[in-house]
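# A structural walkthrough
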Amino acid sequence: MTHRKGQSVAEIAAAPSGERTLKVSATTNPKKLAGSIVLVCEGGEAPMLLPLGAACVNQAVKAIAIARRDLAEEDEPTYLSCFPDFRDDGRRTVSMQCDKEVKGPWSSSDADLTVASGTNPANAAGAIAGKVREGLKVAIRACGAEAVSNAVLAVAHARRYLKDEGVDVFFCPEFEKEATKDGQERTVVLFRVCKAAGSAPAGRLKRFHTNVYAHAWLTLTGQRVYLYNGPVGTVRPSRRPP
């Protein structure tokens, strides 16, 4: 991927695949970035966003949510999605490849997860991957820059967890109001996690590929699971293997 430094958004929109990138800083205005995303989308392939750090990821997610709304309201609606992936071996920085889907995401979820500023993204990813394996529609809610960044990192981890099973996922962010315990209202980011086209069919509790994933599933869901010997290790719920 190449960032076309110093070029206008119009020039980026006319750039070839792999060079349609937009850098995101902590001070980036989400509304202006959303306008740039829309312009690039109207010129062809959706852009890749390159944030660095939680505050930057938060601004990028806000911009995608705004751009999604604007593109969906056009005469010929476009449904924007995001495929996050890691840019470093430490798995703390991500690239956020946007894409244009042929239809909107599901409207109601089967499994709701909350990601906070202190959530371990790898553990959250284990829960996401487990629910996707069951064929469930997963919604993630996050409030605050650190929480939003952790949610994006969790989806990036989940994509890697599911890759060897022929499954890929993306997220569609939007803003949602929710009531607080003191009767006030706050705005959170709702991530709709969706399976990508061409993914293998989901099955209930398929194999986890490392003990780390099984530990993540156990940590977030509280289900009793046991590992037994196999090619990669298989997880069965609630009872020991025979």
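Our structure is the block above this text.
Residues numbered from 1 in each chain as written. Predicted model: local features only at pLDDT ≥ 70, side-chain atom pairs only at ≥ 80, totals over all residues. Heavy atoms only, no water.

### Focus: the nonpolar core
Most often, soluble globular proteins have nonpolar side chains that are buried together. The biggest cluster of nonpolar side chains holds 55 residues, and the ones touching the most others in it are I37, L49, L80, M96, I128, I140 and F191. The leading source of residues in this core is helix 5 (residues 145-163), at 11 residues. Counting eight residues, the second-largest nonpolar core is a separate cluster that includes A139, C172, C194 and A196. (Core = buried A, V, L, I, M, F, W, Y, C linked by side-chain atoms within 4.5 Å. Buried < 20%, exposed > 50% of the residue type's maximum accessible area, 1.4 Å probe, protein only. Helix = DSSP H or I, 4+ residues; strand = E, 2+ residues; numbered from the N terminus.)

### Quick word on the packing of helix 4 (residues 121-133) against helix 5
Their axes nearest at 7 Å, the elements helix 4 and helix 5 cross at an angle of 55°. By the angle class used here, helix 4 and helix 5 are oblique. Crossing of helix 4 over helix 5 shows right-handed handedness. Facing P121, A122, A124, A125, G126, I128, A129, V132 and R133 of helix 4, the residues of helix 5 in contact are N150, L153, A154, V155, H157, A158, Y161 and L162. (Axes fitted to C-alpha atoms, helices over the stretch in contact; angles between N-to-C directions. Parallel < 35°, antiparallel > 145°, perpendicular 65-115°, else oblique. Left-handed = near helix turned anticlockwise from the far one by under 90°. Contact = heavy atoms within 4.5 Å.)

### As for the pattern of salt bridges
Tallying each qualifying case throughout the model produces eight salt bridges. In this structure, D112 and R141 form a salt bridge, with 3.5 Å as the shortest nitrogen-oxygen distance. Taken as a pair, D112 in strand 5 (residues 111-115) and R141 in strand 6 (residues 138-142) lie far apart in primary sequence, 29 residues in all. R133 is paired through a salt bridge with E165; the nearest N and O atoms lie 2.8 Å apart. Taken together, the positions of R133 in helix 4 and E165 in the loop between helix 5 and strand 7 (169-179) put the pair 32 residues apart, joining distant regions of the chain. Sharing partners across several salt bridges, the network here consists of D112, R141 and E176. (Salt bridge = Lys/Arg side-chain N within 4 Å of Asp/Glu carboxyl O.)

### Topic: the pairing of strand 5
Side chains A111, L113 and V115 project from strand 5 onto a buried face, and the interleaved D112 and T114 project onto a face without burial. Relative to strand 6, strand 5 runs parallel, the two being bridged by five bridges. Residue pairing for strand 6: V115 is matched across the bridge by A142. Crossover handedness for the path strand 5 to helix 4 to strand 6: right-handed. (Pairing = 2+ DSSP bridges. Right-handed = clockwise from strand over helix to strand, strands pointing away.)

### Observations regarding the side chain of R192
Examined against the element boundaries, R192 turns out to sit in strand 8 (residues 185-195). Not counting chain neighbours up to four residues away, the residues in contact with R192 comprise P105, W106, S107, S108, V138, F170, F171, C172 and E174.

### Observations concerning helix 5
Along its 19 residues, helix 5 runs 27 Å from first to last C-alpha, staying within 8% of the 27 Å computed at 1.5 Å per residue. By the criterion of burial, helix 5 is predominantly enclosed, with 15 of the 19 residues buried. (Expected span 1.5 Å × (residues − 1).)

### A word on the environment of E185
By the secondary structure assignment, E185 is in strand 8. Ignoring any residue separated from it by four or fewer positions in sequence, one finds E185 in contact with K177, E178 and T180.

### Re the packing of aromatic side chains
This model, assessed by the stated rule, comprises two aromatic pairs. Residues F83 and F170 carry aromatic rings whose centres are separated by 5.2 Å and whose planes lie at 50° to one another, so their mutual orientation is tilted. Placement of the pair is F83 in strand 3 (residues 79-86) and F170 in strand 7, with a sequence separation of 87 residues. One exposure class covers both F83 and F170, and it is buried. For the pair F171 and F191, a centre-to-centre distance of 5.1 Å together with 75° between the ring planes defines the contact as edge-to-face. Taken together, the positions of F171 in strand 7 and F191 in strand 8 put the pair 20 residues apart, joining distant regions of the chain. Side by side, F171 and F191 carry an identical accessibility label, which is buried. (Phe/Tyr/Trp six-rings, centres within 6.5 Å; stacked < 30°, edge-to-face > 60°.)

### Things to note about helix 2 (residues 30-42)
With 13 residues, helix 2 should cover 18 Å at 1.5 Å per step; its first-to-last C-alpha distance of 18 Å lies within 8% of that length. Along helix 2, the residues classified as buried are P30, L33, A34, S36, I37, V38, V40 and C41. Sitting at the amino-terminal end of helix 2 is N29, which places a side-chain oxygen 2.9 Å from the backbone nitrogen of K31. Two residues or fewer after helix 2 comes G44, characterised by a positive phi angle close to 145°. (Polar contact = N/O pair within 3.5 Å; in protein donor to acceptor, adjacent residues only side chain to side chain.)

### Some remarks on the packing of helix 2 against helix 3 (residues 54-72)
Packing of helix 2 against helix 3 leaves a shortest axis separation of 8 Å and a crossing angle of 55°. One finds that helix 2 runs oblique with respect to helix 3. Considering only the axes of helix 2 and helix 3, their crossing is right-handed. Each of P30, K31, L33, A34, I37, V38 and C41 in helix 2 lies in contact with helix 3, whose residues at this interface are Q59, A60, K62, A63, I64, I66, A67, D70 and L71. Of the residues contributing to the contact of helix 2 with helix 3, the split by class is 12 nonpolar, one polar and three charged. (Nonpolar A, V, L, I, M, F, W, Y, C, P; charged D, E, K, R; others polar.)

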